[in-house]
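Overview (structure and organization)
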Amino acid sequence: MEAGVRLSAGASKWDIRTKIWDYMEANNLADFPRPVHHRIPNFKGSHQACHAVRELDVFNRTSEVKVDPDKPLEGVRLVTLQARKTLLVPTPRLRTGLFNKIVPPPGATKEILRICATSQGVKDYSVPIGLDAKVHVDLVVVGSVAVSEKGWRIGKGEGFADMEYAMMVSMGAITEDTPIVTIVHDCQVVDIVEELLDDHDLTVDYIITPTRTIKTGCKRPKPQGIIWHKISYEMLERMPILKNLRYREKQAGKDVILKDEHPDFPNPRKPADSDENAKTGNTELQTESTSAQIGHRHVGNDSLSTKSETHGALATVYVGNIPPGTRVSELKSALREFHTSPLRLSWQGAQGRAFLDYTDKMTAESVVSSLKGLSLRGQTLRVEMAKNQRNKGQVEISGQRNKYE
């Protein structure tokens, strides 16, 4: 432990974070971006430490590596690409999904690979990986604010690394034997009492600093999946992929009771359906009704549909790749589960598609985000804004026009 970092007895996680951040800034150990407070801190010598990962047997044996998007781990991302391994990087703050696979262009130069390893490169040279993708991660590299030689880890306090790990367990991408590595400055290696750890906290197996590599031998069990009773409705709204995973686990018969629903929670509350209904005209999906057109089915409130057509264009979401044999009731159930009930649902099951009408573009785009990765009968649906928004009862998808009425 760095002599300058002194932790008082009984220090909380937040005390430890603050001490580390303050020390790194005061001693000019921090590197861009600064200040490092409330971040996984970048530090001088991070690239040197990152390149040391090549000396680990667990790295050399891997083919697929998940590396967090934090700045101090940029060097690990570069080394992974240079070694021609598959690099997976979590979506920042899990807003739009879980993973992005970095795909450098054919014949990429060293400079292009360096760009691919940066945050901009993750945006420019990546493809999203859905929940149904057959991902097998051999090694996980996470950032830390503080870590102990025993493998206890403290992040920046937002829980994303812990959540990412739990999601990977839930989707079968990792096992309890998948090694976890963290890259930190020497001053970030401190004494942490185990009492500070919760059952959702991720521990590490290897610590790499600019001067040494520590094999922790940590035996504390890692999270075995998402602990739903610690998840709030607010977190579900922030992370659509979490909502998708919950839906899948609920369909599989698992206990997915949320913190807000737990009987011991002081003020249980469900997301205000009225909020969603306010966006969608306070309507629910109604009984199925067959339209005059053969093979097309509408579900919705006729008076609302008429009113919307009269007073302006609707915002329409396209749902494709619907498996053969799927019933409209299955899609309706999923939409209710995700609190994305439309003004009207136009069902074209024979063609494997449906159209969802919403009152405005903002609401429709929010629905697309919420339903990303949704699957029915084991098949991931294609959910996106309709190419040409509905005008006088018509919509165009990929150059083909389809009558709504």
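In short, a report on the structure. Remember, predicted model here, so these are calculated numbers, not experimental data.

1. Describing the packing of helix H9 (residues 240–251) against helix H12 (residues 328–337)
For any two helices packed against each other, the geometry comes down to the angle between their axes and how far apart the axes lie. Viewed as axis vectors pointing N to C, H9 and H12 meet at an angle of 125°, and their least axial separation amounts to 11 Å. The angle between H9 and H12 places the two elements in the oblique class. The handedness of the crossing between H9 and H12 is right-handed. In contact with Arg246, Tyr247 and Lys250 of H9, H12 contributes Glu330, Ala334 and Glu337.

2. Points about the nonpolar core
Core analysis: the largest hydrophobic core is formed by 48 residues, its most contacted members being Ile16, Ile20, Leu56, Val141, Val181, Ile183 and Ile208. Looking at this core element by element, the count peaks at five residues for helix H1 (residues 13–26). Those residues in contact with Val181, other than ones at most four positions away along the chain, are Leu56, Leu139, Val140, Val141, Val142, Tyr206 and Ile208. Listed in part, the 39 residues of the second largest apolar core include Ile129, Ile180, Leu242 and Leu245.

3. Points about H12
Along H12, the residues that are buried comprise Val328, Leu331, Lys332, Ala334 and Leu335. Considered in projection along H12, the buried side chains sweep an arc of 160° and stay on one side of the axis. In the segment just after H12, His339 is the residue with positive phi, at about 55°.

4. A word on the packing of aromatic side chains
Each aromatic ring pair is described using two quantities: the centre-to-centre distance and the angle formed by the ring planes. Summed over all chains, the structure comprises two aromatic pairs. On the basis of an interplanar angle of 75° and a centroid distance of 5.5 Å, the ring pair of Trp14 and Trp21 is categorised as edge-to-face. When its relative accessible area of 40% is taken as the criterion, Trp14 is described as partly exposed. Assessed through its relative accessible area of 1%, Trp21 is described here as buried. When the ring of Tyr318 is compared with that of Phe355, the centres are 5.7 Å apart and the planes differ by 50°; the resulting orientation is tilted. Residue Tyr318 is found in strand E13 (residues 315–320), and its partner Phe355 is found in strand E15 (residues 353–358); the two are separated by 37 residues along the sequence. With respect to class, Tyr318 is no different from Phe355; both count as buried. Lying over the aromatic face of Phe59, Lys85 brings its terminal NZ or CZ to 5.0 Å of the ring centre.

The rules behind the values
Residues numbered from 1 in each chain as written. Predicted model: local features only at pLDDT ≥ 70, side-chain atom pairs only at ≥ 80, totals over all residues. Heavy atoms only, no water. Axes fitted to C-alpha atoms, helices over the stretch in contact; angles between N-to-C directions. Helix = DSSP H or I, 4+ residues; strand = E, 2+ residues; numbered from the N terminus. Parallel < 35°, antiparallel > 145°, perpendicular 65-115°, else oblique. Left-handed = near helix turned anticlockwise from the far one by under 90°. Contact = heavy atoms within 4.5 Å. Core = buried A, V, L, I, M, F, W, Y, C linked by side-chain atoms within 4.5 Å. Buried < 20%, exposed > 50% of the residue type's maximum accessible area, 1.4 Å probe, protein only. Arc of directions from axis to C-beta. Phe/Tyr/Trp six-rings, centres within 6.5 Å; stacked < 30°, edge-to-face > 60°. Lys NZ or Arg CZ within 6 Å of the ring centre and 35° of its normal.

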